Amino acid sequence: MKPSLAVLVAKRLADLFVGWVGTLFFVLTYPVIALLIKIESKGPVLYSQQRIGINRRSSPYQIFKPKVDDKVAAGGTSAFILSNRQVDYGGEVFTILKYRTMRVDAESLGPQLAKKGLDPRVTKIGKWLRALHIDELPQFVNILRGDMSLIGPRPERPYFTMQYSKSIPHYLDRTLWIKPGLTGLAQIILGYDDSHESVVRKVHFDYSYRSATCNFLSWVKMEVWVAVNTVLYLLIKPQFEGGENRDLVGLKRAKVVDFRANTPSKKDLPEIKSLVHQHQTKKSIILVGSSPYELSRTLKDMVFDPKRTLDVQVSPDENWDLEDLGFLINLVQRVKQNGGRVAIKNSSPRVQKMLKEIHMDKVVDLHRPQDTVKNFMTVDVECWFHAYNLKEQVPPSTWHLQPTRVVANVRKILDLFRTHDTKATFFILGWVADHFPDVVKMIDDEGHEIGTHGYYHNLLTNMTPPQFEEDLEKSLIAIGKRAKQKVIGHRASNFTIVESTLWALEILAKYGIEYDSSVFPIKRERYGIARYPNRLPHQMLFQGGGQLTEIPMSTLGLGNNLIPISGGGYLRLYPYRVTDRYIEQKNQNGLPAMVYFHPWELDTEQKRLNVGGMKGFQHYVNLDSTEWKLSRLMERFFFTSVKENLQSKRVQSLLRKNPVRVERVLGMAQGEEGSFRLASAGSSDGLEAVGSKTVA
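Only a predicted model underlies this, so the values are computations on that prediction, with no experimental measurement involved.

Trainee: Lay out the overall build of the chain with the relevant residues and their values.
Mentor: Helix and strand content of the chain: 23 helices and 25 strands. Within the chain, contacts between residues separated by at least 24 positions form 75% of all contacts whose residues are at least 6 apart in sequence. For the chain, the exposed area adds up to about 30300 Å²; of that, 55% sits on carbon and sulfur atoms.

Trainee: Tell me about the pairing of strand β9 (residues 309–314), and name the residues and values.
Mentor: Within β9, five of the six residues are buried, which leaves the element mostly enclosed by the surrounding structure. Two strands pair when backbone bridges link them, and strand β8 (residues 284–289) and β9 are joined in this way by six bridges, in the parallel orientation. Counted as the bridge partner of Ser-284 is Thr-309 from β9. With helix α10 (residues 292–300) bridging β8 and the parallel β9, this β-α-β connection has right-handed handedness. Relative to strand β10 (residues 341–344), β9 runs parallel, the two sharing four bridges. Bridging from a neighbouring strand, Val-312 pairs with Val-342 of β10.

Trainee: Summarise the packing of aromatic side chains; cite the residues concerned and give the values.
Mentor: All told, the structure shown has 26 aromatic pairs when counted by the stated rule. For the pair Phe-520 and Tyr-527, a centre-to-centre distance of 5.3 Å together with 35° between the ring planes defines the contact as tilted. Judged by relative accessible area, which is 8%, Tyr-527 ranks as buried. Stacked on the ring of Tyr-455, the Lys or Arg Lys-474 has its end atom at 4.5 Å from the ring centre. For the cation-ring pair, Arg-632 lies above Tyr-576, with the distance from its terminal atom to the ring centre recorded as 5.8 Å.

Trainee: Can you explain a nonpolar patch on the surface? Please cite residues and give values.
Mentor: On the surface, a nonpolar cluster with roughly 740 Å² of combined accessible area is contributed by Phe-216, Leu-217, Val-220, Val-224, Val-228, Val-231, Leu-232 and Leu-235. Within the secondary structure layout, Val-220 lies in helix α8 (residues 216–235). Judged by relative accessible area, Val-220 falls into the partly exposed class, the value being 31%.

Trainee: Let's hear about the sheet that holds strand β11 (residues 365–366): which residues, and what values?
Mentor: Overall, mixed pairing links the five strands, which are arranged β7-β8-β9-β10-β11 in an open sheet. Of all strands in the sheet, those bounded by a partner on one side alone are β7 (277–280) and β11. The sheet strands contacting helix α13 (residues 406–419) are β7 and β8, and the helix crosses β7 at an angle near 140°.

Trainee: Describe the packing of helix α7 (residues 196–212) against α8, naming the residues involved and giving the relevant values.
Mentor: Put simply, α7 and α8 touch, their axes get as near as 8 Å, and they point 135° apart. Classified by the interaxial angle, the pair formed by α7 and α8 is oblique. Residues Ser-208, Tyr-209 and Ala-212 of α7 form the contact with α8, whose participating residues are Ser-218, Trp-219, Met-222 and Glu-223. Its residues placed into classes, the contact of α7 with α8 shows four nonpolar, two polar and one charged.

Trainee: So, the environment of Gln-539: which residues are in play, and what are the values?
Mentor: Residue placement: Gln-539 occurs in strand β17 (residues 538–542). Owing to a relative accessible area of 14%, Gln-539 belongs among the buried residues under this scheme. Residues in contact with Gln-539, not counting those within four places in the same chain, are Gln-547, Leu-548, Thr-549, Leu-655, Pro-659 and Val-660.

Trainee: Quick rundown of the packing of α13 against helix α15 (residues 437–445)? Include the residues and the values.
Mentor: In a pair of packed helices, the angle between the axes and the distance between the axes together describe the arrangement. Remark: α13 packs on α15, axes separated minimally by 9 Å, with the N-to-C direction vectors making an angle of 10°. Considered as vectors, α13 and α15 are oriented roughly parallel to each other. Mapping the contact onto sequence places Val-406, Val-407, Val-410, Arg-411 and Leu-414 in α13 and Val-439, Met-442 and Ile-443 in α15. Partitioned by chemical class, the residues of the contact of α13 with α15 number seven nonpolar, no polar and one charged.

Trainee: Kindly report on the nonpolar core, identifying the contributing residues and their values.
Mentor: Ranked by size, the top nonpolar core spans 95 residues in total, and within it Val-381 and Phe-426 carry the most contacts. If one sorts the elements of this core by residue count, α13 sits on top with six residues. Those residues within four positions of Val-381 in sequence are excluded, and the remaining contacts are Val-406, Val-410, Phe-426, Phe-427, Ile-428, Leu-429, Val-432, Val-439, Ile-443 and Pro-599. With 50 residues, the next largest nonpolar core counts Val-199, Val-276, Leu-328 and Ile-358 among its residues.

Trainee: Would you mind going over the pattern of salt bridges in detail, with residue names and values included?
Mentor: Side chains that carry opposite charge are capable of pairing whenever their charged atoms lie near each other. Under the defined criterion, the tally for this structure stands at 29 salt bridges. In this structure, the salt-bridge partner of Arg-491 is Asp-380, at a minimum N-O distance of 2.9 Å. With a gap of 111 residues between them, Arg-491 in the loop between β15 (489–490) and α17 (503–510) and Asp-380 in strand β12 (residues 375–381) connect regions that are remote in the sequence. Considered together, Arg-491 and Asp-380 belong to a single accessibility category, that of buried residues.

Trainee: I'd like a description of α8, backed by residues and values.
Mentor: If you check α8, its first and last C-alpha atoms are 29 Å apart, about what 20 residues at 1.5 Å a residue would give, namely 28 Å. N-cap assignment for α8: the residue whose side-chain oxygen lies 3.1 Å from the backbone N of Leu-217 is Asn-215.

Trainee: Describe unusual backbone geometry, and please don't skip the residues or the numbers.
Mentor: Positive phi, normally seen in glycine, also occurs at Arg-531, with a value near 50°. Along the polypeptide, Arg-531 turns up in the loop between β16 (515–516) and β17. Accessibility expressed as a relative area gives 49% for Arg-531, which makes it partly exposed. The backbone of Asn-622 sits at a positive phi, close to 50°, despite the residue not being glycine. Note on Asn-622: relative accessible area 32%, which makes it partly exposed.

Trainee: If you had to explain the side chain of His-386 to someone new, which residues and values would you point to?
Mentor: Following the sequence through the fold, His-386 ends up in the loop between β12 and α13. Classification of His-386 by relative accessible area gives buried; the value is 3%. Among the polar contacts listed, one links the side chain of His-386 to the backbone nitrogen of Cys-383, at a separation of 2.9 Å. Setting aside anything within four residues of it in sequence, one finds His-386 in contact with Trp-399, Leu-429, Trp-431, Val-432 and His-457.

Trainee: Quick rundown of the environment of Gln-49? Include the residues and the values.
Mentor: Structurally, Gln-49 is set in strand β1 (residues 46–52). When the C-alpha positions of Gln-49 and Phe-94 are compared, they lie 8.3 Å apart, and in sequence the two are 45 residues distant. A polar contact is formed between the side chain of Gln-49 and the side chain of Arg-51, at a distance of 2.7 Å.

Trainee: If you had to explain the confidence of the model for the chain to someone new, which residues and values would you point to?
Mentor: Here the chain averages 81 in pLDDT, while 81% of its residues score no lower than 70. Counted against residues more than four places away or in other chains, residues 58–89, with its pLDDT under 50, gives 60 contacts.

Trainee: Go over the environment of Leu-129 with me, naming the residues and quoting the values.
Mentor: Topologically, Leu-129 is positioned in helix α3 (residues 124–132). Measuring from C-alpha to C-alpha, the distance between Leu-129 and Ile-37 comes to 9.8 Å, with 92 residues separating the pair along the chain. Contact partners of Leu-129, with chain neighbours within four places excluded, come to Ile-33, Ile-37, Tyr-99, Arg-100, Thr-101, Ile-134 and Asp-135.

Parameters and conventions
Residues numbered from 1 in each chain as written. Predicted model: local features only at pLDDT ≥ 70, side-chain atom pairs only at ≥ 80, totals over all residues. Heavy atoms only, no water. Helix = DSSP H or I, 4+ residues; strand = E, 2+ residues; numbered from the N terminus. Contact = heavy atoms within 4.5 Å. Areas by Shrake-Rupley, 256 points an atom, 1.4 Å probe, with all protein chains shown as cover. Buried < 20%, exposed > 50% of the residue type's maximum accessible area, 1.4 Å probe, protein only. Pairing = 2+ DSSP bridges. Right-handed = clockwise from strand over helix to strand, strands pointing away. Phe/Tyr/Trp six-rings, centres within 6.5 Å; stacked < 30°, edge-to-face > 60°. Lys NZ or Arg CZ within 6 Å of the ring centre and 35° of its normal. Patch = residues over 30% accessible without salt bridge, like charges linked within 9 Å, V, L, I, M, F, W, Y side chains within 5 Å. Salt bridge = Lys/Arg side-chain N within 4 Å of Asp/Glu carboxyl O. Axes fitted to C-alpha atoms, helices over the stretch in contact; angles between N-to-C directions. Parallel < 35°, antiparallel > 145°, perpendicular 65-115°, else oblique. Nonpolar A, V, L, I, M, F, W, Y, C, P; charged D, E, K, R; others polar. Core = buried A, V, L, I, M, F, W, Y, C linked by side-chain atoms within 4.5 Å. Expected span 1.5 Å × (residues − 1). Polar contact = N/O pair within 3.5 Å; in protein donor to acceptor, adjacent residues only side chain to side chain. pLDDT = per-residue confidence, 0-100.

Laid out in structure tokens, this is it:
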């Protein structure tokens, strides 16, 4: 794929300016440098050599294939004879100019790599010219002529180009639509080539630079970094003992990175079924896979829709090597030139280190490896007409008459989770389980956890304890008929476990419910408990000796206030970056976040009612953003079900801290409505401890 037009234009304009300035400096200093070279050794001042330039791949180029004459074969000293042939790869041949720094007979036995240590072929003046890089001043003429660019991959000689193309995967792609450079990412980090291994390492950096040119902002970021570090490189004190002219810290780091080159070509591997998951939303096409090769094959057959963005997520395996990186570069260029983005997730420390070392983080979204922080992913399974804001327009007696898309929406959610290899907890409404039993079966068959969301979606604040117990039992029966797993989780309708309904917690424990996720540690009109003692997962301890695990909903602290975040209407309303940053900060502190949503929040084609005002805004705002926001969150962070997360060591550690005691007062019997007292032993997550609190 070609670099973007903006990059090509900007790059050429910069090259023309630098080329003129550099050529002028070369002309002014030529007499002095030429005199010094002539004084020490006979021969020409300037040294010309054929190099391979830009690889356009649209027409054959002249490549030189070295062969040895009869004298060389017999042990003589005759030089290599170059014969021409036409091939369709390699790049354009051009003549590079440099000040001569070696003896005239330096390559009488053929092309050679730079020698480690002090090269005996280098003259005394040449040693200084090479150390200060003054020998490269004539190359500004090449830049001005358009043979080279200021920044790019190192131009290689034809002989070595042919050799490396046979042993290093994708070697010829280094300069695909890119001109070689006077300086570059590989040159300033790795210095001169002195072995096949050093060439292999440089190829990684050349790939990274080439991939940056497919997007203008990525290219600017990379170009500025290379330019600044080239200046810093030249300011390092030269060294004359050893293979490098300077003490390159980047080289020391790069040499401990496991770059692998000798791998079988993918074309020689047996044909296998594509391991790529694909999911389409209204705004984007999502591709997820572990192999850049398989992803590239999938993209090759795709027709891009300009109305949708392309999101590609790569999860490298442990055998990631140079050939995989070559496919990744091609993948990045194709995706970015179609306005898409590429993210690397769940990679091993070795792959992370390799990609960062070659500065791929300037080109792709390089996410942290999976760590021990797992976030909660939950879905409240209900139909659009079950929402509180629509209950006046759609009473329960008309629910069975309403068009619903809950089956299709749940199927879409399951496909999204499958794409991102994510497990979740589905709190299912008993009414949905009875009227759409396939929903329960689909979720159960996919291996997700199933919890209860009650039966009729009534607010607990409008129910008596016996009514709640009846509703809970009915929902458990409806779900139990279709699910193979035991239900141990509960979420109240509209989060209405509040001060006046704490009696419901003991009823949940009575029916075998092990955890609840209904408490919002803020105060709203219908839900929430102000100044709730613990905003993290914790144990609720009952006065009679029972207990229940509580996983509160996520809140964000703003000054002395808390606001809801990362779920439902708040997920739709807030810009994605707000939710992303919140979860990132939580995970950096080793704490999990809670995400929740409803199937109807992914359905932009649901029936629209004129409820007006704030209710209409709350229900319909940004419905088209839910799916892609969820996809991006699952790309960035690790999510799992409540049941699985409760078994993790990190959450278990949280559960042992700051339990909340639920105490009955006034001699209440179990389930009787009245007054309760909440008490916590300490503070958590920055929330000030309240010690004890009496609520009515």
